[in-house]
Amino acid sequence: MQLPAHIPQIILQTKRLILKEVNQEIIDYVFTQWNDEDIMRYMGLLTVEQLAVDKEKQQGGYTTYRIKLKGFLFILKETNEVIGAAHYHTWQPLHSKAEIGYAIYIEEYKNKGYMKEGVKAMLDFGFTEMGLNRVEALIGSTNEPSLKLVKSFGFVQEGIMRDHYCKDGVVQDSICFSLLKREYNQ
């Protein structure tokens, strides 16, 4: 499925990935104009349960007057398959900051460097094209791959947010990291 010409979409490329923009306008179009099968294929959703969660998010609205969403689907050049995504899910243009979140959806593509490749493209884009000065990452204290990833880019740990989120019915802390534009070594 293709987006209509009147909806612009940013495309970034790395050595192995195509990153296709996902924003509120694109999400609204996809979820209101396409059938469930096409939505799942386009967004890289693997189950009907994931589709239901994303539909609920779309209906609730990702964007407010102060907070915006800008994300990118990670598409493997070799197969044209959506393997993951990264989002600036709390982008605050007024304050030149955003929180980044990311995931590789398919187990066989984890630990192969795709996330590092895609997040680097996201950081480059965020600091240059979006005018970000600060990128934040809130990471569970047991999420070793994510902790390793942000440290590889030079993110600095700022503190711990106690009982910050609930995963699988268990309340957990988040470690707060930030990366400032002046600290980012492209």
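The rules behind each value
- Residues numbered from 1 in each chain as written.
- Predicted model: local features only at pLDDT ≥ 70, side-chain atom pairs only at ≥ 80, totals over all residues.
- Heavy atoms only, no water.
- Pairing = 2+ DSSP bridges.
- Helix = DSSP H or I, 4+ residues; strand = E, 2+ residues; numbered from the N terminus.
- Axes fitted to C-alpha atoms, helices over the stretch in contact; angles between N-to-C directions.
- Contact = heavy atoms within 4.5 Å.
- Phe/Tyr/Trp six-rings, centres within 6.5 Å; stacked < 30°, edge-to-face > 60°.
- Buried < 20%, exposed > 50% of the residue type's maximum accessible area, 1.4 Å probe, protein only.
- Lys NZ or Arg CZ within 6 Å of the ring centre and 35° of its normal.
- Right-handed = clockwise from strand over helix to strand, strands pointing away.
- Parallel < 35°, antiparallel > 145°, perpendicular 65-115°, else oblique.
- Left-handed = near helix turned anticlockwise from the far one by under 90°.

Student: Account for the sheet that holds strand 4 (residues 81-91), with residues named and values stated.
Tutor: Spatially, the eight strands line up as an open sheet ordered 1-2-3-4-5-6-8-7, and their pairing is mixed. Two strands close off the open sheet at either side, each with one partner strand: strand 1 (11-13) and strand 7 (156-167). Averaged over all neighbouring strand pairs, the angle between strand axes comes to 25°, with direction disregarded. Sheet topology places strand 2 (residues 17-23) next to strand 3 (residues 68-76); seven bridges connect them, and they run antiparallel. By the bridge assignment for strand 3, Asn 23 is matched with Lys 70. Relative to the sheet, helix 1 (residues 24-33) contacts strand 2 and strand 3, its axis offset from that of strand 2 by approximately 85°. Running at roughly 145° to strand 3, helix 4 (residues 114-128) makes contact with strand 1, strand 2, strand 3, strand 4, strand 5 (97-104), strand 6 (134-140) and strand 8 (170-180) of the sheet.

Student: Provide a residue-level description of the packing of aromatic side chains, including the pertinent values.
Tutor: For the coordinates displayed, the defined rule picks out five aromatic pairs. Taken together, a centroid distance of 6.1 Å and an interplanar angle of 85° make the contact between Tyr 29 and Trp 34 edge-to-face. The exposure class of Tyr 29 is partly exposed, given its relative accessible area of 22%. Between Trp 34 and Tyr 42, the ring centres sit 5.1 Å apart and the planes meet at 80°, which makes this aromatic pair edge-to-face. Of the two residues examined, Trp 34 and Tyr 42, each falls in the buried class. Feature note: the residues Tyr 29, Trp 34 and Tyr 42 constitute an aromatic cluster, connected by ring pairs. Geometry around Tyr 114 places Arg 16 over its ring, the cationic atom sitting 4.0 Å from the centre.

Student: Please give an account of the pairing of strand 5 that cites residues and values.
Tutor: Side-chain direction in a regular strand flips from residue to residue, so the side chains alternate between the two faces of the sheet. By the bridge criterion, five bridges tie strand 4 to strand 5 in an arrangement that is antiparallel. Of the residues in strand 5, the one forming a bridge with Ala 85 is Ala 103. Direction of pairing for strand 5 relative to strand 6: parallel, over a ladder of three bridges. In the strand pairing of strand 6, Ala 98 is matched with Val 135. Considered for its hand, the β-α-β crossover made up of strand 5, helix 4 and strand 6 is right-handed.

Student: Outline the packing of helix 1 against helix 3 (residues 48-60), supporting the account with residue identities and numerical values.
Tutor: Working note: a packed helix pair is described by the angle between its axes plus the distance between those axes. Remark: helix 1 packs on helix 3, axes separated minimally by 10 Å, with the N-to-C direction vectors making an angle of 120°. Classed by the angle they form, the pair helix 1 and helix 3 counts as oblique. The two elements helix 1 and helix 3 cross, and the hand of that crossing is left-handed. Contacts between helix 1 and helix 3 pair Gln 24, Ile 27, Asp 28, Phe 31 and Thr 32 from the former with Leu 51, Asp 54, Lys 55 and Gln 58 from the latter.

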